[in-house]
Amino acid sequence: MGTYIWKMNQILLFGAGKSATVLIEYLVHNAEKEKWELTLVDADLSSAQKKLGNSEFAKAVSFDISDSEERSAYISKADIVISLMPPTLHFLIAKDCIQFKKNLLTASYVDEQMRSLKDEIEDNGLLFLCEMGLDPGLDHMSAKKMIDEINQDDGIIHSFYSHCGGLIAPDSDNNPWHYKLTWNPRNIVTAGQAGAIFKQNGEVKELEYGELFSEKRFVFIPGHEVLCWYANRDSLRYISLYGLEKCDTFIRTTLRHPDFIYGWKNVIDINLTSEKQTYDTEGKTLGQLFKEHMDRNGFSEWLEEKLRDQFDSTKNLLAELVNLVELEKKAEEKGVEAVEEFMVVDQQGDLKQIDIDDLKVNAAATLADKMHDASLTLKQLFYLGLDDNDTIVDKGEFSAANILQFAMEKKLALQPGDKDMVIMQHEIEFEKRNNRYKSTSTFILTGDDEIRTAMAKTVGLPLGIAAKFILNGTIGLTGLHIPVIKEIYEPVLEELKLHNIEFKERVELLS
């Protein structure tokens, strides 16, 4: 009898950056048991080899991904392809995957180019599973699980909020931005530039870039300090994918510390995210380039006006608060019983009851917030390098956005021993048997260190687990998909629990 040689499944992974670390570890760790061989493609060969360790089931290669001959040679031999390349490069890989009939996994949004391949993917019986990372990815799976369970119990969903943020763990939070880089810095600089569109209280709302950061929209996270959210891209296109066409409110958001929201609005206002304004960085320091940009954009006048507005509003608020306290004191001296509550008509024309003590507390909190913001304006900009005359940029022609990115990479990088944090929370209000409920599902994960980050885990593990289930037949779908289907989210979420990625859900009766 001849010896049977077990065929090893070939996994081809493009990209070995920050977000790939834990995915690579997962694939290498499971390679022998699952009968896999991994080929890792990255421009930095030595870094890729280091991430693979001494595994006999993995190898690293380096070539120009735009080289169609090399790219085709590797894709043609693979059983499944995973792309962690920039979204603009997915299309090259996707076209080859169709030509050689290979399944494809990505963590990126389904864009128009990928959507244009939908018929070819289906005709070839392939599975292209996109948006399979953290956000998008884990958000889809966990939210759809909640939605399906509510629907199965005859609930009617009225409001849906999905919040997600890559943040810094409290013990490593030591700068005025309350933020450090855990993923592609270019994406952070450009986040929100296209604005956002969503549905709120039955109305479609569209916000421009600056409007996303123009106010602090607070959200309470159990076990963590209060955070703020800004609307994330196009929420509307997910309404039908989630089956929530009758929902009055549908918003997907990004979470940030309140101080980050405030600071980023300043960054926008002084045109630091502009790609149009360019500077020669040769031999210049970060401080010199910032000064050049600030001079060109009227920074002194902007700062003077901003601080004057803040101090004027603070002064007026303080005067009103003092006046309220004095009126109460005079009433007490005259033996007049103090008013504890009064009624007002709100902007919707509804009668609303106001508690005097609550009013004073809220006024004091607003006053403290205004004073805090006034001192924060320069503190955040100086932290980025406004006065840094030591750090040489020397990168040729740079846009203002490039300078900002360079500054963030220098000043907001994770340091040895730093830990990041990922927080995700879904808030769903629904009606069931004439009662109104709110279901809140929260997940918080802290990274191990500056390498094995919570971001790398939550982006990489869903991809690795999905690859396993596609190769072993647990997921047998074909077509272009995101993970809102039970056949995908159920087994993936179950395995993620083994990696401490698990949501805690609570339901409260509203009426």
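Colleague: Just give me the short version of the packing of helix H1 (residues 21-34) against helix H15 (residues 454-471), but keep the residues and values in it.
Modeller: Where H1 contacts H15, the two axes come as close as 8 Å, and the packing angle between them is 30°. With respect to H15, the element H1 is oriented roughly parallel. At the point where H1 passes H15, the crossing takes the right-handed sense. Between H1, through Val22, Leu23, Tyr26, Leu27 and Glu34, and H15, the contact on the second element is made entirely by Ala456, Lys457, Gly460, Leu461, Leu463, Gly464, Ile465 and Lys468. The class makeup of the residues in the contact of H1 with H15 is eight nonpolar, two polar and three charged.

Colleague: Any chance you could break down the sheet that holds strand S2 (residues 36-41) for me, citing the residues and the numbers?
Modeller: Taken together, seven strands build an open sheet; the order of strands is S3-S2-S1-S4-S5-S6-S19 and the sheet is parallel. The sheet is open, and its two edges are formed by strand S3 (58-61) and strand S19 (479-481), each paired on a single side. Ignoring which end each strand starts from, the neighbouring axes of this sheet average 15° apart. Pairing of strand S1 (residues 9-14) with S2 involves six bridges; the strand directions are parallel. Bridge pairing in S2 places Leu12 opposite Thr39. H1 contacts S1, S2, S3 and strand S4 (80-83) of the sheet and is inclined by roughly 155° relative to S2. Lying on the sheet, H15 is in contact with S1, S2, S4, strand S5 (103-106) and strand S6 (127-129); it crosses S5 at an angle near 165°.

Colleague: Which residues make up the confidence of the model for the protein chain, and what are the values?
Modeller: Within the protein chain, residue pLDDT values average 87, and 86% of them lie at 70 or more. Within the model, the stretch residues 1-5 combines pLDDT values under 50 with zero contacts to residues more than four positions away or in other chains. For residues 341-346, every residue scores under 50 in pLDDT, and the model assigns this stretch 18 contacts once sequence neighbours within four places are set aside.

Colleague: Give me the lowdown on the pattern of salt bridges, citing residues and values where you can.
Modeller: Within the structure shown, the criterion is met by 24 salt bridges. The closest approach of N and O atoms between Asp448 and Lys457, which form a salt bridge, is 3.0 Å. Taking the relative accessible area as the measure of exposure, Asp448 reaches 36% and is therefore partly exposed. Given the relative accessible area of 10%, Lys457 is considered buried. Each of Glu25, Asp448, Arg452 and Lys457 takes part in one network of salt bridges that share partners.

Colleague: Pulling in residues and values, what's your account of a nonpolar patch on the surface?
Modeller: A contiguous nonpolar surface patch, about 320 Å² in accessible area, is contributed by Phe218, Phe220 and Val226. Along the polypeptide, Val226 turns up in the loop between strand S10 (218-219) and strand S11 (227-231). Residue classification places Val226 among the partly exposed residues on the basis of a relative accessible area of 39%.

Colleague: Provide a residue-level description of the nonpolar core, including the pertinent values.
Modeller: Counting 54 residues, the largest nonpolar core has Trp177, Phe213, Trp264, Phe290, Phe299, Leu404 and Met408 as its most contacted members. Element by element, the count of residues in this core is highest for helix H14 (residues 400-411), at seven residues. Apart from the residues lying within four places of it in its own chain, the contact partners of Phe299 are Ile270, Met294, Leu378, Leu381 and Leu386.

Colleague: Describe helix H7 (residues 138-152), naming the residues involved and giving the relevant values.
Modeller: With 15 residues, H7 should cover 21 Å at 1.5 Å per step; its first-to-last C-alpha distance of 21 Å lies within 8% of that length. Among all positions in H7, only Leu138, Asp139, His140, Met141, Ser142, Ala143, Lys144, Met146, Ile147, Asp148 and Ile150 are buried. At the exit of H7 stands Asp154, carrying a positive phi of roughly 65°.

Colleague: Describe the side chain of Asn266, listing the residues and the values that go with them.
Modeller: With respect to the secondary-structure elements, Asn266 resides in helix H10 (residues 258-269). Ignoring anything within four residues of it in the chain, the contact list for Asn266 reads Trp302, Lys306 and Thr377.

Colleague: Tell me about the packing of helix H11 (residues 286-296) against H14, and name the residues and values.
Modeller: With their axes 11 Å apart at the nearest point, H11 and H14 run at an angle of 145° to one another. For the pair H11 and H14, the sense of crossing is left-handed. Each of Leu286, Leu289, Phe290 and His293 in H11 lies in contact with H14, whose residues at this interface are Ala400, Ile403, Phe406, Ala407 and Lys411. In terms of residue class, the contact of H11 with H14 is made up of seven nonpolar, one polar and one charged.

Here is what the cut-offs are and how they apply
- Sequence order as written defines residue numbering, which begins from 1 separately in each chain.
- Totals for whole chains, interfaces and linings use every residue, but because this is a predicted model, local features are given only for residues with pLDDT of at least 70 and side-chain atom pairs only at 80 or more, for both listing and counting.
- For side-chain calculations, the full set of non-hydrogen atoms in the structure is used, while hydrogens and water are omitted.
- Axes here refer to lines fitted to C-alpha atoms; in helices the fit is confined to the stretch in contact. Angles between the N-to-C directions go from 0 to 180 degrees.
- What counts as a helix is a DSSP run of H or I of at least four residues, what counts as a strand is a run of E of at least two, and both are numbered from the N terminus.
- Small angles under 35 degrees read as roughly parallel and large ones over 145 as roughly antiparallel, with 65 to 115 read as roughly perpendicular and the rest as oblique.
- Take the far helix as the reference: if the near one is turned anticlockwise from it by less than a right angle, the crossing is left-handed, and if turned clockwise, right-handed.
- By definition, residues are in contact when any of their heavy atoms lie within 4.5 Å.
- Note on residue categories: nonpolar means Ala, Val, Leu, Ile, Met, Phe, Trp, Tyr, Cys or Pro, charged means Asp, Glu, Lys or Arg, and polar means any other residue, Gly included.
- Strand pairing follows a simple DSSP-based rule, namely that at least 2 bridges must link the two strands.
- Along the chain, pLDDT gives the predictor's confidence residue by residue, from 0 to 100.
- The term salt bridge refers to a pairing of a side-chain nitrogen on Lys or Arg with a carboxyl oxygen on Asp or Glu at a separation within 4 Å.
- Three labels apply to residues, based on accessible area from a 1.4 Å probe with only protein chains included: buried if under 20% of the type maximum, exposed if over 50%, partly exposed otherwise in between.
- Nonpolar side chains (Val, Leu, Ile, Met, Phe, Trp, Tyr) within 5 Å and like charges within 9 Å form the patches, drawn only from residues with over 30% relative accessible area and no salt bridge.
- Shrake-Rupley sampling with a 1.4 Å probe provides the accessible areas, and residues are treated as covered by the protein chains on show and by no other component.
- Nonpolar cores are built from buried Ala, Val, Leu, Ile, Met, Phe, Trp, Tyr and Cys residues. Side-chain atoms within 4.5 Å join them into one set.
- Helices are assigned an expected span. That span is 1.5 Å times one less than the residue count.

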